[in-house]
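Each chain, letter by letter, is given below.
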Amino acid sequence: MLAYRHAFHAGNHGDVLKHLTLMLVLRHMALKDKGFRFVDTHAGAGGYSLQSTYALKKAEHANGISKLWGRDDLPQFVADYVALVRAFNGKKKAVLEQYPGSPAIAQALLRTQDQLRLFELHPTDHRVLQSYLGHEKGAEIFMTDGFESPKSQLPPSTRRAVVLIDPSYEVERDYARVVGMLREAVLRFSEGTYIVWYPQVGRLAAVELPKKLQNLSPKGWLHARLTVQKPDARGFGMAGSGVFVINPPHTLHAQLAEVLPWLHQELKQFDGGGWLLDQRAA
């Protein structure tokens, strides 16, 4: 949706779960020398100023990355994620001013033999993204619909790929489009690792999405969810978010099991919520 700008939400609790998971998946992929392709279907601007008018409107980062910044008691994997955010700000900066989007997280972890494929339709965000990463070796940036990316990006020549799918979900049909896109992607390249981020909101389509994704995962899946916020009196608002990973690395379940209880305790905004971690092995 062209009206959507992720700058309003940069660094919130959903970004923490999404980018921590992305970091763990990409680091596992890099254990093998052979290169891989990373596809980001809804890349955004690549990075965001937390001092901007957009970010300050709701200051959602205050209940996300800001609760982790500057602490010396973080679990190792959370500390590694925060280190990526710190590097994006400049390691010597004591104040959190910038937040890296998924393209910046990926760029920090990819190697020279890996490929970066970024899709973004919003003209302003695409222009910023092109300026930021368009010159990087192995990077290609497209101002086309990321839901159509499997047609051009899968299967990759390396036969190794990670695809991140996190549309705005501001229109309900995005849920159906995620399912349709993944059905095609798995048919084209069943060996790929697919990460779907989704918001935990009071929509039937959001509740049903993980079950629909399970049916598209013949080789195994992992589902993690973090619930930290109470919906308002009308039942609206994002209570949390989830990540559903098709063909997850064998290490991911143990890594998330280590940090999800801690993250819930530190990020929860009310006496409730919780976390979920479920997996079906191949």
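The structure contained in this document is the topic of the report that follows. (Residues numbered from 1 in each chain as written. Predicted model: local features only at pLDDT ≥ 70, side-chain atom pairs only at ≥ 80, totals over all residues. Heavy atoms only, no water.)

Looking at the layout of surface pockets
Of the pockets and cavities examined, the second largest pocket occupies roughly 330 Å³. Contributing to the lining of the second largest pocket are 16 residues, with His28, Met29, Lys32, Glu191 and Thr193 lying nearest its centre. (1 Å grid on protein atoms, 1.4 Å probe; cavity = no way out; pocket = protein on both sides within 12 Å on 5 of 7 lines; lining within 4 Å. Points joined across faces, edges and corners; volume = space filled by probe spheres on them.)

Concerning the pairing of strand β4 (residues 115–119)
When you tally the buried positions in β4, you get five out of five residues, the bulk of the element. Residues Gln115, Arg117 and Phe119 line one face of β4 and the alternating positions Leu116 and Leu118 line the opposite face, and both faces are buried. Looking at chain direction, strand β1 (residues 37–40) and β4 are connected through four bridges and run parallel. Residue pairing across strands places aspartate 40 opposite leucine 118, the latter belonging to β4. In this sheet, strand β5 (residues 139–142) lies alongside β4 in parallel orientation, the contact comprising four bridges. When the sheet's bridge partners are listed, arginine 117 is paired in β5 with glutamate 140. Running through helix α5 (residues 123–133), the crossover from β4 to the neighbouring parallel element β5 is right-handed. (Buried < 20%, exposed > 50% of the residue type's maximum accessible area, 1.4 Å probe, protein only. Helix = DSSP H or I, 4+ residues; strand = E, 2+ residues; numbered from the N terminus. Pairing = 2+ DSSP bridges. Right-handed = clockwise from strand over helix to strand, strands pointing away.)

Structural notes on the packing of aromatic side chains
Counted by the stated rule, this structure contains five aromatic pairs. Taking 4.7 Å as the distance between ring centres and 20° as the angle between the ring planes, the aromatic pair formed by phenylalanine 119 and phenylalanine 142 counts as stacked. Of this pair, phenylalanine 119 sits in strand β4 while phenylalanine 142 sits in strand β5, and the two are 23 residues apart along the sequence. Under the relative-accessibility criterion, phenylalanine 119 is labelled buried at 2%. Measuring from ring centre to ring centre gives 4.6 Å for tyrosine 169 and tyrosine 175, while their planes differ by 40°; the resulting arrangement is tilted. Tyrosine 169 sits in the buried class, given a relative accessible area of 4%. On the basis of relative accessibility, which here comes to 3%, the residue tyrosine 175 falls in the buried class. Put simply, the rings of Tyr169, Tyr175 and Trp197 touch in pairs and so form one group of aromatic residues. (Phe/Tyr/Trp six-rings, centres within 6.5 Å; stacked < 30°, edge-to-face > 60°.)

Considering the packing of helix α1 (residues 13–29) against helix α3 (residues 76–89)
Where α1 contacts α3, the two axes come as close as 10 Å, and the packing angle between them is 100°. For the element pair α1 / α3, the angle class is roughly perpendicular. Residues Asp15, Val16, His19, Leu20, Met23, Leu24 and Arg27 of α1 touch α3, and the partners they reach there are Phe77, Val78, Asp80, Tyr81 and Leu84. Taken together, the residues of the contact of α1 with α3 sort by class into eight nonpolar, one polar and three charged. (Axes fitted to C-alpha atoms, helices over the stretch in contact; angles between N-to-C directions. Parallel < 35°, antiparallel > 145°, perpendicular 65-115°, else oblique. Contact = heavy atoms within 4.5 Å. Nonpolar A, V, L, I, M, F, W, Y, C, P; charged D, E, K, R; others polar.)

Regarding the environment of tyrosine 132
Tracing the backbone through its elements, the reader meets tyrosine 132 in helix α5. The class for tyrosine 132 is partly exposed, based on a relative accessible area of 29%. Spatially, the C-alpha atom of tyrosine 132 lies 14 Å from that of arginine 117, the residues being 15 residues apart in sequence.

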